[in-house]
Amino acid sequence: MMKLKKCAKKILFKNGTIIDPILEKGYKGDVLVENGKIAAVGNVDVKNAEVIDCSGLIVTHGFCDLHVHFREPGREDKETLETGSRAALAGGFTRVCTMPNTNPPIDSPESIRFIYEKAKECPIHIHPIGAATKGQLGQELTEMAGMSTEGAIAFSDDGLPIMDGGVMRRVLEYGGMLDKPIINHAEDVCLRNDGVMNEGRMSTRLGLPGNPVEAEGVMVHRDLELARLTGAKLHVPHVSTATAVKHVTDMKKHYKHISAEVTPHHLFFTDDDLFEYNTNLKVAPPIRRNEDRVALIKGFKSGAIDCIATDHAPHTIEEKESTFDVAAFGMIGLESCLGAVLKVLVHEEKIDLMTVIKALTVNPREVMGFITNLFENNTDAELTIFDPEETWEFTKGDIYSKSSNSPFIGKSLVGKVKYTVSKSYLAII
Amino acid sequence: MSLQQRHLLGLEGYPAEDIQTIIDTAFTFREVLDRPIKKVPSLQGKTIVNLFFENSTRTRISFELAQKRLSADTVNFSASTSSLTKGESFKDTVQNIEAMKIDACVIRHPTPGAALRLTEYVDAVVINAGDGTHEHPTQAILDMTSLYEKFGYLKGLKVGIIGDISHSRVALSNIHGLIAMGADVTLCGPATLIPPHIEELGVKVSYKIDEVIEWADALNVLRIQMERMGVSLFPSIREYRSLFGITTERLANHKKDIVIMHPGPMNRGVEIESAVADGDQAIILDQVLNGVASRMAILYLLLGGKTE
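Residues numbered from 1 in each chain as written. Chains lettered and ligands numbered in written order. Predicted model: local features only at pLDDT ≥ 70, side-chain atom pairs only at ≥ 80, totals over all residues.

A word on the overall build of chain A. A tally of helices and strands in chain A yields 14 helices and 19 strands. Taken over C-alpha atoms, the radius of gyration comes to 20 Å for chain A, in line with the 22 Å a tight globule of 429 residues would show. Taken over the C-alpha atoms alone, chain A extends approximately 65 × 45 × 45 Å along its principal axes. In chain A, which comprises 429 residues, the proportion classed as buried is 59%. (Helix = DSSP H or I, 4+ residues; strand = E, 2+ residues; numbered from the N terminus. Rg over C-alpha atoms; globule rule 2.2 N^0.38 Å. Buried ≥ 20, exposed ≤ 12 C-beta atoms within 10 Å, placed from the backbone.)

What follows is the structure, given as structure tokens:
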């Protein structure tokens, strides 16, 4: 069981391998946290400190997830800011951005305020993403300036794609004026139609309606063009297709305010894994063919995809323990993230650990304009300490979310979070 | 004689020798159906529940008759008359039925994968009687039994499947079964009703019905669901009939014998002309009789029935 306690006055994380994703350096050393702040990084000798032996472990920046659903307000039976925070700490995340598709949606300065106030009491940093249009209906702009003042960090209609190109243009123009990133769930809803999984050989075999890769491709292409037109920052969420990787790669050559994320589940699974109609693999965008998975890995290697985000989406057992067509879309992902991405990207694909850590730390922080140099003295400590080699089986017991809709249950993962330091809390996992 | 798999959920990956065993067993039951007393005690004491979460007339009657001819006790459940309308979940419904000590469940459900899901909730043998647009294995077995009866072989047999392939569980099960038995399959219908990547299952696709008729030994003509018309999957019955309708005139252009099948219910005058449906080439009513015999064979083999 994870233990969560207030940090001692002085904690020394000793003999770890410090990986600094800003300097892109790794070295043996110690990190001293005093009163919840970074006091020293390097070879530290100090008295009266609680000492945590970190030999064999990596000590790095706390992870930052640009894409989670904490379901508050409205569906507190699935997750709350509090339970979501515990799931985050177990996965090494000290900072998350919550999507606005709650009930009611977060589409006003007042509702941003609600999240902001509640988040203060939580053991991690939570930043609300505001809805881009009122009621997420894709029609009228929200009061983005007022919402920014109250703490909105970016704008998105989340699961509901902004289909009207004219509205998307205005969202980008207005959000761009405020220097806030815009995130659009990139799927053409007409092409997606009633698709519940990737369209292909598997959907035909299973008799399920398919969602073609082109539904994502055309929408990502449109959004990139509109970002360039308006000069706004565009963050492309959960890229799932080879075509979208290509479009992002191409646009990044011409226009710099583009970032993109990939989820652990799109890197880990392929649509062949749906052969038993496992509803925990029902997700939007869908799990694609292996050739898309390979393209995502290539895109990650090349830097076209710069962030890893979980799209942590809790659902009740009742919503998942049903037939495939009516089951809810989405899966939780915070607790299994590191083990899944290290297994695929580092151990299988031989991508260097630094690239993966950057995609979990400095890169997402840069997208949102958060402080990035977390090893600077006197910075509020956000640390993640993990074993990069431990092979373990992910079980229900590793889940701290209120929900347990994870297709990773029973899967062998590599890399396990041991300690997370956030907001003067120490989580021992 | 027994089958390798405990349930019959679909024909994808189903062993060819087991399909042959079912067909052979079906012919022995055909003899029973020709007797004055059409009942055998093979499944005496076994209880079978027919779970119909979707409307069905011929499949349900066919299964019921097969069960009665084998002397099994049967219970019928249909969604409209059950507690499902009171908001009970699929899981609760089937677990309640299971608790009543059932040996086998025959399930018809609108969702692909429902039969597989049922095996997770009950200990009984599960027979898929159609799960959405996924599979309908007993229909494909009765189709193959009928073809085998007519031709005496399946290996190398050329079968055209005509019409709405996308929304057809009959097509998918026929494809898997026929390919397993070594037959050649060509699909023919409007491009909007052919599922993507279907060629990867080992079939050919054609949009030219006359070429398929010229090539085929038998045609399995599928029902066109009228409700597909409004959502721009095809523009009109007139156009469908002119491109893909099976008519005497069209068949007369090809100087050959061709066997015509239809899983029913037919839209006479749409996908098939009445004169063809009632003509000498059609084996549509043989299919219905073989349906009872095939389902008797399946129940008998899966429930370990005793011979007389």
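What follows concerns the overall build of chain B. Looking only at helices and strands, chain B features 11 helices and 9 strands. Taking 19 Å as the expected radius of gyration for a compact globule of 308 residues, we find that chain B reaches 19 Å, a close match to that expectation. Burial statistics for chain B: of 308 residues in total, 47% are counted as buried. Put simply, 76% of the contacts in chain B that link residues at least 6 apart link residues at least 24 apart. (Contact = placed C-beta atoms within 7 Å.)

Within the largest apolar cluster, 219 residues are counted, with the highest numbers of intra-cluster contacts made by A:Val248, A:Val341, B:Ala104, B:Cys105, B:Met144 and B:Leu299. Here this core gets 8 residues from one element, more than from any other, and that element is helix α11 (residues 284-302) of chain B. Among all residues touching B:Ala104, those that are not within four sequence positions of it are B:Ile48, B:Ala124, B:Val125, B:Ile127, B:Leu299, B:Leu302 and B:Leu303. (Core = buried A, V, L, I, M, F, W, Y, C linked by C-beta atoms within 7 Å.)

Residues and elements named next belong to chain A. With parallel pairing, 8 strands are arranged side by side in an open sheet as β7-β8-β9-β10-β11-β14-β15-β16. Strands with a single pairing partner mark the edges of an open sheet, and in this sheet they are β7 (63-68) and β16 (307-308). By the bridge criterion, 2 bridges tie strand β10 (residues 154-156) to strand β11 (residues 182-183) in an arrangement that is parallel. By the bridge assignment for β11, Phe 155 is matched with Ile 182. (Pairing = 2+ DSSP bridges.)

Here we take up the domain arrangement of chain B. A common way to report how large an interface is uses the accessible area buried once the components associate. Residue and element names in this part refer to chain B. According to the domain assignment, chain B consists of domain 1 (16-135 + 291-302) and domain 2 (137-287). Taken together, the contacts link 19 residues of domain 1 with 17 residues of domain 2. The set of elements that each furnish at least two residues to the side of domain 1 that touches domain 2 consists of α1 (16-33), β4 (125-131) and α11. A class-by-class count of the residues in the side of domain 1 that touches domain 2 yields 8 nonpolar, 7 polar and 4 charged. (Domains from an automatic or database assignment. Nonpolar A, V, L, I, M, F, W, Y, C, P; charged D, E, K, R; others polar.)

This part covers the interface of chain A and chain B. Each side of the interface is counted separately: chain A has 16 residues, and chain B has 20 residues. Looking at the side of chain A that touches chain B, the element that brings in the most residues is helix α6 (residues 201-206) of chain A, giving 4 residues. Each residue belonging to the side of chain A that touches chain B can be placed in one class, and the counts come to 4 nonpolar, 6 polar and 6 charged.

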